[in-house]
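# Architecture at a glance
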Amino acid sequence: MTQALTVQNLTAHYGTTKVLEDLSLSVGKGELVSLLGASGCGKTTTLRLIAGFLEPTSGTIRLGDKDLTRLPAYKRDIGLVFQNYALFPHLSVLDNVAFGLKQRGVASADREKRAKAMLERVGLSPLADRLPGALSGGQKQRVALARALVIEPPLLMFDEPLSNLDAKLRVDMRVEIRQLQRANGTTSVYVTHDQEEAFSISDRVAIMNAGRIMQFDTPEMLYQRPANAFVARFVGFENLVPMTVSARDGETVTATTQDGSQLKLSQERFGAIPDAFVLAARADGLSVSTDAKAEGIPATLGLRTYLGRAYQYQSETAAGQLIANGSLSAPLEPGAKAKLVPVPDQCCVLLPE
Amino acid sequence: MMTSRINPLLILFTVVVYIFLMGPLIIVLGASVSDTTYLTFPPQGLTLRWFENIFEISAFRRTIITSLELAFLATGLALLVGIPAAYALNRYRIKLPSWLSTVFVLPILVPEIVLGFSLLKSVAVGMETPIFLTLLIGHMLLVLPYCVRVVSASLASFDFSIEEAAVSLGSPPVKTFFTIVLPNVRSGVIAAFILAFITSINDVSTSLFLTGPGISTLPIQILAHVEQFFDPTIASVSVLLMLLTVAVMAIVERTLGLTFLAK
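Counting from 1, residues in each chain are numbered in the order their sequence is written. The naming scheme follows written order: chains are lettered A onward, ligands numbered 1 onward. The model is predicted, so local features are restricted to residues of pLDDT at least 70 and side-chain atom pairs to those at 80 or more, both for listing and for counting; the totals for chains, interfaces and linings are taken over all residues. Only hydrogens and water are set aside when side-chain values are computed; all heavy atoms of the structure are taken into account.

### What to know about helix α9 (residues 173–184) of chain B
Residue and element names in this part refer to chain B. Compared with an ideal rise of 1.5 Å per residue, which puts 12 residues at 16 Å, α9 spans 15 Å between its outermost C-alpha atoms and is within 8% of the ideal. Using a 1.4 Å probe on the protein chains alone, a residue whose accessible area is under 20% of its type maximum counts as buried, one over 50% counts as exposed, and one in between counts as partly exposed. Numbered from the N terminus, helices here are DSSP runs of H or I no shorter than four residues, and strands are runs of E no shorter than two. Within the span of α9, buried status applies to T176, F177, I180 and V181. Projected onto a plane normal to the axis of α9, the buried residues spread over an arc of 125° and lie on a single side. Facing away from the buried surface of α9 by more than 90 degrees, the exposed residues are V174 and F178. Between the first and last residue of a helix there are one fewer steps than residues, each counted as 1.5 Å, and that sum is the expected span. In this context, the arc is that of the directions from the helix axis out to the C-beta atoms.

Right, here's the structure in full:
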């Protein structure tokens, strides 16, 4: 039976190095949550702690109403899919899938029946008698998936399962993983460094850095409403412009950049704007305008690149180099003076770091 | 049709190498069937009486049995220590200091004569252990490095996440070692066994110090025999040892294929 996972105040050390700090995470029944971050951010450590391969310094891990924190790994009943597949090289595909059932004392005939049914679901029935060495990468990962699913675990965890596959197969496999996970309603934790992969298949994503969760939210919220500069940069907000509020008039706030140029922002759109903040925008969120009356950040345009839907300019401003998009109808030359006008729907207001 | 020219010198070189490799074996084989009372080649006459002679001399009979017992026991014990050691050295490679694996190679870094002499002084004389036990300790020390190194080489390419996969599927760690780890390093264990066994069977230097009244090994007995006699019995014993080795290899080839040794 699938269960909710609750991780509370987890802290872990490798020797004297703190690798995880006071991490809390809850995954609802049937939910797929991704841990996303660069290597060394603690995402794999978190997974290994939940799996029981590492022991936390403090904190608790609960699955449903069962406390896993000090339970040995082999008693945790968690399905695991590894980056390098980790199939048993000396066992046939069928025996690989049946392995977990065997450990649970399932009778031989029933075991074979269930393993075969699982292989059927991942489309590998014809390969049941092969050894793993004779399979392709994608097939191996399907066997690994079948092996983890056949024990009907209350929790399924993936450790960079698609990293060793080529780009096309990665996309196909992640859809397949999501479909199987949905169909079984298995609570899942998915570790990856690939943003697109995490966003495309997860219900919620925890973006991690230096052993902490920076933001834990739905992919949509993370992509559109990053909570801090780290997450903003991570999801592609290239332009972070520090600003201060110089005047407030009802819901309209006048903000000043470091070089003194002023912008009007609406609190109806951005919520309460603090006195000092950072305006975050992707290149899409800053529009290049040559209109002298436009309210924007004065810039000298640099290199122009063609994106198909727009031109993109590397622009020099008092706030440093910013990247902005301009319309296709009026290409501008390097050296031209222009203003970079924030597009409200495409910008965010963040607290300074 | 494609033909490739082969340099005649290369053919000559190859033939010479083969003669060099096989010559001694052929000479020993020839000498063992010579109907003379001294070692000679090419053989004069043809007889198998030197083979019979081996079994008529009780010292040979006894030492063959002692050598086999010793080789099996020493190799078995060395594997019992060596496999877990190799496992730990590989499994916890990052956590363990790097010099630790070198410790297991020390017995082959020390000249065998020194090893034998020190064991004589400290164990045989110092602790007054029985001769067979002293020999066993010596041989185990001698073959342990081979066991650790060869099994280690096999484990070096073993992916320990496979072990974790088994544990996550509900298999307790000790059981996992026997059902998952061991089957995947089988070839390494067999290779270690063969190397260790042959090392033990052939050892002279260490055994020389540790054999004593009533208990000796085959190579030491051969040495003793040569000091007094110069008849072809020695050649027959050698042929017997060769046949033993060929038999072991044949069994391995039949059951596993020889290529596994190269893995």
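### Here's the deal with the environment of B:M127
Residues and elements named next belong to chain B. The residue M127 is located in the loop between α6 (112–125) and α7 (131–156) in this model. You can call M127 exposed: its relative accessible area is 58%. Along the chain, M127 and G170 lie 43 residues apart, while their C-alpha atoms are 48 Å from each other.

### Overview of the pattern of salt bridges
Residue and element names in this part refer to chain A. Take a side-chain nitrogen of Lys or Arg and a carboxyl oxygen of Asp or Glu: if they are within 4 Å of each other, that pair is a salt bridge. Evaluated as defined, the whole model comprises 20 salt bridges over all chains. Across the salt bridge formed by R212 and E21, the nearest N and O atoms sit 3.2 Å from each other. Here the residue R212 occupies a position in strand β10 (residues 212–217), and E21 occupies one in strand β2 (residues 17–27), the gap between them amounting to 191 residues. Three or more residues joined by partner-sharing salt bridges are found here, namely K18, E21 and R212.

### Digging into the layout of surface pockets
Only protein atoms enter the 1 Å grid, on which a cavity is a set of points fitting a 1.4 Å probe that cannot get out and a pocket is an open set with protein on both sides within 12 Å along at least 5 of 7 lines, lining residues being those with an atom within 4 Å of a point. Grid points are joined across faces, edges and corners, and a volume is the space filled by probe spheres set on the points. Of the volumes computed, that of the largest pocket is approximately 1100 Å³. Considering the residues around the largest pocket, the lining is formed by 33 residues, among which A:R48, A:F53, A:L54, B:R91 and B:E164 are closest to the centre. Mapped by element, the contributors of at least two residues to the lining of the largest pocket are β1 (5–14) and α1 (43–51) of chain A together with α3 (58–91) and α8 (161–168) of chain B. Note that Gly is not counted as nonpolar here; it falls among the polar residues with everything else outside the nonpolar set of Ala, Val, Leu, Ile, Met, Phe, Trp, Tyr, Cys and Pro and the charged set of Asp, Glu, Lys and Arg. Residue composition of the lining of the largest pocket, grouped by class: 16 nonpolar, 8 polar and 9 charged.

### Some words on the domain arrangement of chain A
Residues and elements named next belong to chain A. What the domain assignment reports for chain A is domain 1 (5–232) and domain 2 (237–350). Residue contacts follow a heavy-atom distance rule, with two residues in contact if any of their heavy atoms lie within 4.5 Å. In this complex, domain 1 contributes 8 residues to the contact, which on the side of domain 2 involves 8 residues. Buried area between domain 1 and domain 2, summed over both chains or domains, comes out near 620 Å², and the portion from carbon and sulfur atoms is 56%. By the criterion of area lost to domain 2, the three top residues of domain 1 are Y223, R225 and A232, representing 61% of everything that side buries. For the interface between domain 1 and domain 2, the tally reads 0 salt bridges. As used in this structure description, the phrase polar contact means that two N or O atoms lie within 3.5 Å; if the pair is within protein, one of them must be able to donate a hydrogen and the other to accept it, and residues adjacent in sequence are counted only when both atoms belong to side chains. At the surface where domain 1 touches domain 2, the tally comes to 2 residue pairs in polar contact (both at pLDDT 80 or more). Elements with a contribution of two residues or more to the side of domain 1 that touches domain 2: α7 (219–224) and α8 (229–234). Counted by class, the side of domain 1 that touches domain 2 contains 5 nonpolar, 2 polar and 1 charged residues. Domain start and stop points were drawn from an automatic or database domain assignment. Accessible area that two parts lose when put together, with a 1.4 Å probe and added across both, is what the buried area reports.

### Quick notes on the packing of aromatic side chains
Each Phe, Tyr or Trp ring (for Trp, its six-membered ring) is paired with any other whose centre lies within 6.5 Å, and the angle between the two planes then decides the class: stacked below 30 degrees, edge-to-face above 60, tilted in between. Under the counting rule described, the total for this entry stands at 13 aromatic pairs over all chains. Feature note: the residues B:Y87, B:F158, B:F160, B:F177 and B:F178 constitute an aromatic cluster, connected by ring pairs. Sitting over a ring, as applied to charges here, requires NZ of Lys or CZ of Arg to be within 6 Å of the ring centre and within 35 degrees of the ring normal. The ring of A:F270 carries A:R269 above its face, with NZ or CZ at 4.7 Å from the centroid. A cation over a ring is seen here: A:R304 above A:Y311, with NZ or CZ 4.9 Å from the ring centre.

### Digging into the UniProt feature "domain: ABC transporter" (unreviewed entry) in chain A
UniProt positions are given in the numbering used here, feature names are shortened, and annotations may be inferred rather than shown by experiment. Within this structure's numbering, the places UniProt gives as "domain: ABC transporter" (unreviewed entry) are residues 5–235 of chain A. Each end of residues 5–235 of chain A is marked by a C-alpha atom, and these two atoms are 26 Å apart; helix forms 36% of the span and strand 26%.

### Comments concerning the interface of chain A and chain B
Accessible area lost on assembly of the parts is the figure often given for the size of an interface. Taken together, the contact pairs 19 residues of chain A with 18 residues of chain B. Carbon and sulfur atoms supply 64% of the area buried between chain A and chain B, which totals about 1600 Å² over both sides. It is A:Y74, A:H90 and A:Q103 that lose the most area in chain A upon contact with chain B, and together they represent 34% of the buried surface on that side. For the pair chain A and chain B, the interface holds 1 salt bridge. Residue B:E164 pairs with A:R48 through a salt bridge whose shortest N-O separation is 2.6 Å. For the interface between chain A and chain B, the tally reads 7 residue pairs in polar contact (both at pLDDT 80 or more). Those elements giving two or more residues to the side of chain A that touches chain B turn out to be β6 (78–81) and α2 (93–103) of chain A. Counting residues per element, the side of chain A that touches chain B draws most heavily on α2(A), which supplies 3 residues. By residue class, the composition of the side of chain A that touches chain B is 12 nonpolar, 4 polar and 3 charged.

### Looking at the sheet that holds strand β13 (residues 262–266) of chain A
All names here are of chain A. DSSP calls a pair of strands paired once it identifies at least 2 bridges connecting them. Here we have 5 strands laid out as an open sheet, ordered β13-β12-β11-β14-β20, and antiparallel in their pairing. Edge positions in the open sheet fall to β13 and β20 (347–350), since each of these has one partner strand only. Neighbour to neighbour, the strand axes of the sheet diverge by 40° on average, direction disregarded. Bridge count for strand β11 (residues 239–249) against strand β12 (residues 252–256) is 5 bridges, and the pairing is antiparallel. Geometry is summarised by axes, namely lines fitted to C-alpha atoms with helices restricted to the contacting stretch, and by angles between N-to-C directions that run from 0 to 180 degrees.

### Digging into the side chain of A:S202
Residue and element names in this part refer to chain A. Tracing the sequence through the fold places S202 in the loop between α6 (195–201) and β9 (204–209). Overall, the relative accessible area of 8% leaves S202 in the buried class. Within polar-contact distance, the side chain of S202 engages the side chain of S34 at 2.5 Å. A distance of 2.5 Å separates a polar atom in the side chain of S202 from the backbone oxygen of A198. With residues up to four places along the chain from it excluded, the contact list for S202 reads L32, S34, R178 and P219.

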